[in-house]
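# What the coordinates show
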Amino acid sequence: MPLTSFDKESIKQSIVGKIQRYNGRTLADATDQQIYQAVASTIRDQIMQKWVAARERDKTYMGKRLYYLSVEFLMGRSLHCNALNLCSMENVREALLELGINWRHIIREEPEPGLGNGGLGRLAACFLDSLSSLEMPAMGCTIRYEYGLFRQRLVDGQQVEISDNWLENGNTWEVAAPEDTVEVRFDGHVDMVQENGRTNFRLRDYHSVMAVPYDMPIAGYDCDTVNTLRMWRARSPRDNMDFGAFSAGNYEKALEQDMAAVISKVLYPEDNHYEGKRLRLTQHYFFTSATLQYAVKDFKRRFGTRFNLLPEKMVVQINDTHPGLAIPELMRILMDEEGLGWDEAQAIVSRTIAYTNHTVLSEALEKWPEQMVKQLLPRIYMILEEMNRRLCARLWNAFPGDWDKIAKMAILAYDQVHMANLCVAMTFSTNGVSRLHGEILKNDTFRDYYSLMPEKFSYITNGITHRRWLMACNTHLRDLITEAIGDKWYKEPERLEELTPFAEDKAFCEKFAEIKRFNKQQFNRMLAMRQDMTAEEDFLFDSQCKRLHEYKRQLLNALHIHVLYNRIMDDPNYTMVPRVFIFGAKASPGYYKAKLIIRYILALSKLIDRSPRARRMLRIIFVENYDVSAAEAIIPATDLSEQLSTAGKEASGTGNMKFMMNGALTIGTMDGANVEIHEQVGADNIYIFGMRADTAAALEHEGGYNPMQIFENNAEIRRALTQMIDGTVLPDSPTAAGALS
Ligand code: 26W
């Protein structure tokens with residue numbers, strides 16, 4: 001089948017034709033949204049051709065396939081990156097120019113799928129782009145949340161949350177695949193029945209939820225691979241409310257419809273903080289079960305019931321513990337549906353599933369109440385019990401009599417299901433996401449497991465896709481680099497190292513500075529549009545953009561700014577490099593302290609703005625609703641990147657990489673991947689300060705530091721803290737600020 005050409009002329013024809021066919025109007029009368037949809041579906045047509053071919057190849061593919069399970073995929077907009085990966089950017093640009101369409105306006109019309117909170121979800125999205133570009137057969141699997149992460153508005157100096165109805169205008173990039181719908185069962189009771197000399201387990205009186213997949217193509221860069229992001233949507237097994245059950249008074253059964261509908265409704269907004277909500281557990285099992293049922297079906301299509309081949313032919317990577325129920329679920333499928341015995345099933349499962357840990361914060365480690373699991377997933381609970389029994393017997397042999405240690409390592413202990421223990425014990429690999437984080441997992445978080453099974457532990461330092469985070473978001477820098485070292489780095493990013501000699505090249509550095517200025521203007525355009533503000537383009541841009549969390553220490557940054565403000569106000573001769581501090585951060589709606597920190601930053605910003613003298617050198621800009629698109633504008637414009645986490649707490653960080661890749665310098669602690677960055681860029685380009693992880697941990701172990709001592713000994717800090725509560729910073733609400741200090 002010949003591929004349709006996508007030269008400039010056919011792109012133009014396609015856009016005009018689509019607007020005529022779907023909107024019944026001419027290009028001149030079309031809205032930006034309509035034009036966006038026509039442009040996007042033109043690009044989609046191109047991907048579809050490749051997708052069809054890729055699916056054809058798939059049918060005879062007998063190699064290994066990866067399933068990447070993640071409760072979050074923070075994809076960001078697709079149009080630009082898809083055009084880039086298809087190498088159609090030039091044709092599209094020229095076509096739009098000739099049609100009189102403004103590319104930057106059109107891009108903005110795409111709703112951003114915010115199906116993630118932060119680092120974990122964005123990493124999953126970067127991995128998908130890379131897996132396709134490296135031509136590895138993979139499928140990303142997640143939930144198709146109807147509402148993504150809340151949108152943040154800043155009103156009266158505070159964060160206000162608004163729901164994110166991202167599907168309002170439809171989603172050009174997805175295709176429903178109802179033929180792959182599967183049933184997921186909740187609640188009920190397990191019957192044990194003797195059949196042909198073996199005990200079988202049957203669930204009765206359960207509630208069914210149908211999982212319907214929606215697929216999004218993920219096209220690799222300059223290659224034929226198109227992988228899939230499969231997003232499961234929950235639907236009731238019946239189309240409408242069961243009126244029969246309703247009128248018979250069986251409300252619960254009648255409302256099954258609602259239970260199903262609610263599962264894929266909304267993404268939980270907590271980042272690095274765990275709460276034992278039943279609906280969340282339901283979400284986790286829902287997409288994990290649906291994915292594994294599909295994966296086993298696909299395996300059988302390829303290899304029949306030769307399940308001993310399974311670990312060779314598929315690998316299930318679980319992104320943190322959230323999809324950890326994949327472990328008992330695969331056991332269930334192999335035993336209850338395929339008739340395998342326990343030992344055989346367990347040998348397969350523990351060689352097929354691998355686990356990545358993304359956090360060591362104890363408040364983020366998932367533990368589910370046993371009663372909740374038992375009631376919602378009775379058969380899964382039975383399997384967990386048996387796994388735990390066997391595990392504890394093994395632990396007893398290794399650590400005879402050491403009940404404390406065994407309880408710490410068990411899957412079930414103190415009426416809770418410990419997901420991290422389940423994942424470490426039952427998978428073939430546990431990896432950290434940076435070298436330091438890997439060491440902490442071995443020596444601290446999972447030290448007892450490490451002593452027993454050291455071969456399972458490793459680290460794989462996170463990465464980012466340079467296609468989105470350099471080639472697409474900083475086109476001028478991309479062209480400058482290409483001018484210097486050619487374009488081989490598009491496919492081999494290691495080659496960026498060839499730029500090293502250009503650090504001494506005056507002409508190159510001048511062009512680099514010019515691009516930075518241009519990017520600051522672009523940033524201002526975005527800011528003016530989003531919140532009717534601009535930053536001083538001749539100031540140093542100093543950015544801290546990430547979820548708001550105490551361990552990330554936005555408060556430390558704010559306190560520093562506060563002290564700078566006082567210095568400027570106190571000393572008429574005080575000078576410094578004029579600096580605009582840019583913040584981008586959402587606080588989890590229930591995280592009181594995080595929200596207070598936002599109030600403090602916004603109040604400081606106002607305080608500075610009221611003083612003409614301070615404003616000559618100092619600004620704070622809080623970018624509302626920090627999301628992938630905001631990051632794509634902030635990062636290329638930034639001179640200094642703030643990576644201030646308390647050492648030992650940030651597993652890796654990936655924002656740190658994005659800023660450096662766009663030529664910002666870094667100030668930060670020896671934490672997460674800052675360590676590797678320091679090794680790569682040298683101490684001249686990353687300014688390291690503060691305690692190291694071991695010292696910080698030792699201090700925490702001794703009961704922490706004494707803030708009062710610092711308050712008493714440091715006059716500048718004392719003054720700033722006092723101003724928080726004496727009405728200087730927050731004239732209207734001194735008590736709220738007081739809670740911070
Ligand atoms: C259940 C509540 C919850 C929600 C999200 C617990 C934990 C999480 C994530 C694991 C938090 C997260 O996103 N971690 C980040 O993962 C990134 C990718 O590996 C790392 O770069 C960040 O350092 C880490 O904080």
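Relevant structure appears above.
The rules behind the values
Residues numbered from 1 in each chain as written. Predicted model: local features only at pLDDT ≥ 70, side-chain atom pairs only at ≥ 80, totals over all residues. Heavy atoms only, no water. Near = heavy atom within 4 Å. Polar contact = N/O pair within 3.5 Å; in protein donor to acceptor, adjacent residues only side chain to side chain. Areas by Shrake-Rupley, 256 points an atom, 1.4 Å probe, with all protein chains shown as cover. Helix = DSSP H or I, 4+ residues; strand = E, 2+ residues; numbered from the N terminus. Nonpolar A, V, L, I, M, F, W, Y, C, P; charged D, E, K, R; others polar. Buried < 20%, exposed > 50% of the residue type's maximum accessible area, 1.4 Å probe, protein only. Contact = heavy atoms within 4.5 Å. Core = buried A, V, L, I, M, F, W, Y, C linked by side-chain atoms within 4.5 Å. Patch = residues over 30% accessible without salt bridge, like charges linked within 9 Å, V, L, I, M, F, W, Y side chains within 5 Å. Salt bridge = Lys/Arg side-chain N within 4 Å of Asp/Glu carboxyl O. Pairing = 2+ DSSP bridges. Axes fitted to C-alpha atoms, helices over the stretch in contact; angles between N-to-C directions. Disulfide = S-S within 2.5 Å. Phe/Tyr/Trp six-rings, centres within 6.5 Å; stacked < 30°, edge-to-face > 60°. Parallel < 35°, antiparallel > 145°, perpendicular 65-115°, else oblique. Expected span 1.5 Å × (residues − 1).

## Quick notes on the site of the ligand
Taken together, 21 residues lie around the ligand, and H358, N462, E650, S652 and G653 are the ones closest in. With respect to the ligand, the backbone of L120 contributes an N or O atom lying 3.0 Å from an oxygen atom. In the model, an oxygen atom of the ligand is placed 2.6 Å from a nitrogen or oxygen of the E650 side chain. Isolated, the ligand exposes 570 Å² of accessible area, and the fraction of that covered by the protein chains is 98%. A per-element tally of the shell around the ligand places helix α6 (residues 119-133) first, with three residues. Class assignment for the residues of the shell around the ligand results in seven nonpolar, nine polar and five charged.

## Remarks on unusual backbone geometry
Even without being glycine, D156 reaches a positive phi, approximately 50°. With respect to the element layout, D156 can be found in the loop between β3 (151-155) and β4 (158-162). Even without being glycine, D532 reaches a positive phi, approximately 60°. Mapping D532 onto the fold places it in the loop between α22 (506-531) and β18 (540-545).

## Let's talk about the environment of N674
With respect to the helices and strands, the residue N674 is situated in helix α28 (residues 674-681). The class of N674 is buried, set by a relative accessible area of 3%. A sequence separation of 193 residues divides N674 from I481, and the C-alpha atoms of the two residues are 24 Å apart. If near-sequence neighbours (up to four positions away) are discounted, N674 is found in contact with Q643, S652, N656, G668, T669 and I686.

## Points about the nonpolar core
Of all hydrophobic cores here, the largest spans 142 residues; its most connected members are I15, Y67, L79, F186, F286, M387 and Y449. Residue contributions to this core peak at eleven residues, all from helix α10 (residues 278-303). Here Y449 is in contact with L391, M409, N421, V424, A425, P454 and F457, once residues within four sequence places are set aside. Membership of the second largest hydrophobic core comes to 36 residues, among which are V563, F583, I597 and L730.

## So, a nonpolar patch on the surface
Together, V155, V160 and I162 make up a nonpolar patch on the protein surface, roughly 190 Å² of accessible area in all. Classification of V160 by relative accessible area gives partly exposed; the value is 33%.

## With respect to the sheet that holds β18
On the basis of which strands lie adjacent, the open sheet formed by six strands has the order β20-β19-β18-β21-β22-β23 and parallel pairing. Bordering the open sheet on either side are β20 (618-622) and β23 (686-688), each of which pairs with just one other strand. Between one strand axis and the next, the sheet turns through 20° on average, direction left out of account. Here strand β19 (residues 579-584) pairs with β20 via five bridges, running parallel. Across the sheet, I582 pairs through a bridge with I621, a residue of β20. Against the sheet, α22 makes contact with β18, β19 and β20, and its axis sits at roughly 55° relative to β18, the strand it touches most.

## Some remarks on the state of the cysteines
In total, this model carries zero disulfides according to the counting rule given. C126 takes part in no disulfide bond, and the closest cysteine sulfur to it belongs to C81, at a distance of 9.3 Å. Free of any disulfide, C423 has its nearest cysteine sulfur in C392, 16 Å distant. Looking at C423, the relative accessible area reads 0%, which means it is buried.

## Observations regarding the packing of aromatic side chains
Counted under the stated rule, the structure contains 14 aromatic pairs. Judged by centre distance (5.9 Å) and plane angle (85°), the rings of Y68 and F127 are edge-to-face. Taken as a pair, Y68 in strand β1 (residues 65-69) and F127 in helix α6 lie far apart in primary sequence, 59 residues in all. The partly exposed category is assigned to F127, whose relative accessible area is 30%.

## Observations concerning the pattern of salt bridges
For the coordinates displayed, the defined rule picks out 54 salt bridges. When the shortest N-O distance is used, the salt bridge between E161 and K595 registers 2.7 Å. Of the two residues, E161 is situated in strand β4 and K595 in helix α24 (residues 592-609); the sequence distance between them amounts to 434 residues. A relative accessible area of 30% places E161 in the partly exposed class. You can call K595 partly exposed: its relative accessible area is 22%. Across the salt bridge formed by D609 and R619, the nearest N and O atoms sit 3.3 Å from each other. Taken together, the positions of D609 in helix α24 and R619 in strand β20 put the pair ten residues apart, joining distant regions of the chain. Look at D609 and you get partly exposed, because its relative accessible area is 29%. Look at the salt bridges and you will find they share partners, linking D58, R65, D298, R301 and R302 into a network.

## Describing the packing of helix α12 (residues 326-337) against helix α15 (residues 378-398)
Between α12 and α15, the shortest axis-to-axis distance is 9 Å and the interhelical angle comes to 100°. Relative to α15, the element α12 lies roughly perpendicular. Along its contact with α12, which presents I327, P328, E329, M331, R332, M335 and D336, the element α15 presents R379, I380, I383, L384 and M387. Tallied by class, the residues present in the contact of α12 with α15 amount to eight nonpolar, no polar and four charged.

## Here we look at the sheet that holds strand β13 (residues 367-369)
Strand order in this open sheet of three strands is β13-β15-β14, and the pairing throughout is antiparallel. Edge strands, defined here as strands with exactly one partner in the open sheet, are β13 and β14 (412-413). Along the sheet face, helix α17 (residues 419-426) touches β13 and β15 (416-418) and points at about 45° away from the line of β15.

## Details of the environment of N319
For N319, the position within the fold is in strand β11 (residues 314-319). Classification of N319 by relative accessible area gives buried; the value is 0%. Separated by 202 residues in the primary sequence, N319 and N117 place their C-alpha atoms 14 Å from one another. Setting aside chain neighbours within four positions, we find N319 in contact with Y68, L69, S70, L120, A124, T356 and H358. At 2.5 Å, the side chain of N319 and the side chain of H358 are in polar contact.

## What to know about α12
For α12, spanning twelve residues, the distance from its first C-alpha to its last is 15 Å, which sits close to the expected 16 Å at 1.5 Å a residue. Of all twelve residues making up α12, ten are buried, and the element is well covered by its neighbours. When we look at burial in α12, the residues that qualify are A326, I327, P328, E329, L330, M331, R332, I333, L334 and M335.

## Points about the environment of S14
Mapped onto the secondary structure, S14 falls in helix α1 (residues 8-23). As a C-alpha pair, S14 and C392 span 378 residues in sequence and 64 Å in three-dimensional space.

This is a description of form; function is not addressed.
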